[in-house]
Amino acid sequence: MDHLSTPILDDESPRLLQAISEHGGYAYVGMVAQASAGDIRAAEAACEMAWEQLHSGPWHSVLPVWRDAYSMACIHVAKYHYRNGELGEALRVLDMGVIMGGSLLRKDLDSAIETVSAKAREAQNGGSGEVKRLVSQEFDKAEALRVLPVRSLSCKLVVKRSALSLEGFLCDFMLSGSPVIITDCMGHWPARTRWNDIDYLKKVAGDRTVPVEFKCFAGGEKLFMPRMEARAYHIFPITELRKDICTPDYCFAGGGELRSLNAWFGPARTVTPLHHDPHHNILAQVVGKKYIRLYPASLSEELHPYTETMLCNSSQVDLDHIDETKFPNVPDLDFLDCILDEGEMLYIPPKWWHYVRSLSISFSVSFWWSNSGSSTES
């Protein structure tokens, strides 16, 4: 099997190792010298040394040289696995280099991932030709209504627009801070068919490692856990999946700048509790259906946000089980809501409170952007 080509690593190794030495990484440098000669144990030891440095304190305090050191060690480990035909292990460690490593060797990592992924696809057997769908087209609206919060779909529905021009979006919705569903802007996305094909997802992403954000709101705490049962998948380092979608032109209306791009995946009845976000947001429903309820920012006080800084964008109100003793006015508050269908996009203005419930297995993409000149970070 061919060797992985890493031209940046080959060129930058002397300077990077010198910088690591200057920061006390003598043992690491010794391990990398052995790893370069093909010693897998030394490569894994170097990986562990860099990993310990990455976890020596708050992430912002980690020296950038140690992030690059982690990338370097990951590449050496991946080269060994690739030479031995262990493609899944090679992909796993390369993905970790992308997720946790620095920027110096990113192009080498991306190139190596592309090479290994191509080899892995060649090794896979062809499918039967029958599409195994993630979600069928059957949907029982009456059954869905039975699990939704009280008063769902009984107040005011989010307005829908087709063929919405950029000028119309900017003037009628973005500048006025009004939600809107855009119905016909995703038909050309390959994701509309591919992401409902289980075999396709297994082929392009089955062996990949991605960062996952698991949110659990309970007792006033927000927990983040790296588990595959989680809901927010940062899948777009997987090149094939990123090519399956297009950033909507609406994200650049008024000179906007894209801040964040995330995929949301989960089973039916997955709930994102009531909260708000700092940026403009387009939620694109690729597979399945979601129920979404929205409250304007003007009702923030009535929705009882937590007082803790890290939770101040989250409501204490559980819409599925409203405690009317603590929150007597919440059931009577006006809201907008909708069922977001496959192929539809929902624009959620900044600071608008929203509750989301999956009505089926669901695959969505959210695009966060800020106005031109905004310094707010995601």
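Residues numbered from 1 in each chain as written. Predicted model: local features only at pLDDT ≥ 70, side-chain atom pairs only at ≥ 80, totals over all residues. Heavy atoms only, no water.

Some remarks on the overall build of the protein chain
Helices and strands together make up the secondary structure of the protein chain, namely eleven helices and 15 strands. Out of the 378 residues belonging to the protein chain, those deemed buried represent 46%. Within the protein chain, contacts between residues at least 6 apart in sequence are counted, and of these 78% link residues at least 24 apart. (Helix = DSSP H or I, 4+ residues; strand = E, 2+ residues; numbered from the N terminus. Buried < 20%, exposed > 50% of the residue type's maximum accessible area, 1.4 Å probe, protein only. Contact = heavy atoms within 4.5 Å.)

Comments concerning the pairing of strand E12 (residues 336–340)
The element E12 is largely enclosed, with a buried count of five among its five residues. Residues Leu336, Cys338 and Leu340 of E12 are buried on one face, and the alternating residues Asp337 and Ile339, pointing to the opposite face, are buried as well. Note: strand E1 (residues 156–157) against E12, two bridges, orientation parallel. In the strand pairing of E12, Lys156 is matched with Leu336. Pairing of strand E11 (residues 290–295) with E12, which is carried by five bridges, proceeds in the antiparallel orientation. Paired with Leu294 across the strands is Leu336, a residue of E12. (Pairing = 2+ DSSP bridges.)

Section: the packing of aromatic side chains
The geometry of an aromatic ring pair is captured by two quantities: the separation of the ring centres and the angle between the planes. According to the stated counting rule, one finds eleven aromatic pairs in the structure shown. Residues Phe169 and Trp369 carry aromatic rings whose centres are separated by 6.4 Å and whose planes lie at 45 degrees to one another, so their mutual orientation is tilted. Pair noted here: Phe169 is in helix H8 (residues 166–174) and Trp369 is in strand E15 (residues 362–370), with a separation of 200 residues, a long-range link. A cation over a ring is seen here: Arg293 above Phe335, with NZ or CZ 3.8 Å from the ring centre. (Phe/Tyr/Trp six-rings, centres within 6.5 Å; stacked < 30°, edge-to-face > 60°. Lys NZ or Arg CZ within 6 Å of the ring centre and 35° of its normal.)

Re the nonpolar core
Generally speaking, soluble globular proteins have nonpolar side chains that are buried together. Ranked by internal contacts, the top residues of the largest apolar core, which has 40 residues, are Ile20, Tyr28, Trp66, Tyr70, Met72, Leu94 and Val116. Where this core is concerned, the elements lending two or more residues are helix H1 (7–22), helix H2 (26–36), helix H3 (40–54), helix H4 (64–83), helix H5 (87–100) and helix H6 (106–123). Sort the elements by how many residues they give to this core and H4 lands first, with eleven residues. Those residues in contact with Tyr28 that lie beyond four places of it in its chain are Leu17, Ile20, Ala46, Met49, Ala50, Trp66, Ala69, Met72 and Ala73. (Core = buried A, V, L, I, M, F, W, Y, C linked by side-chain atoms within 4.5 Å.)

With respect to H2
Taken together, the buried positions of H2 are occupied by Tyr28, Val32 and Ala35. One face of H2 carries all of its buried residues, which in axial projection span an arc of 60 degrees. The exposed residues of H2 that point more than 90 degrees off its buried face are Tyr26 and Ala33. Gly38 sits one or two positions beyond H2 and adopts a positive phi of about 100 degrees. (Arc of directions from axis to C-beta.)

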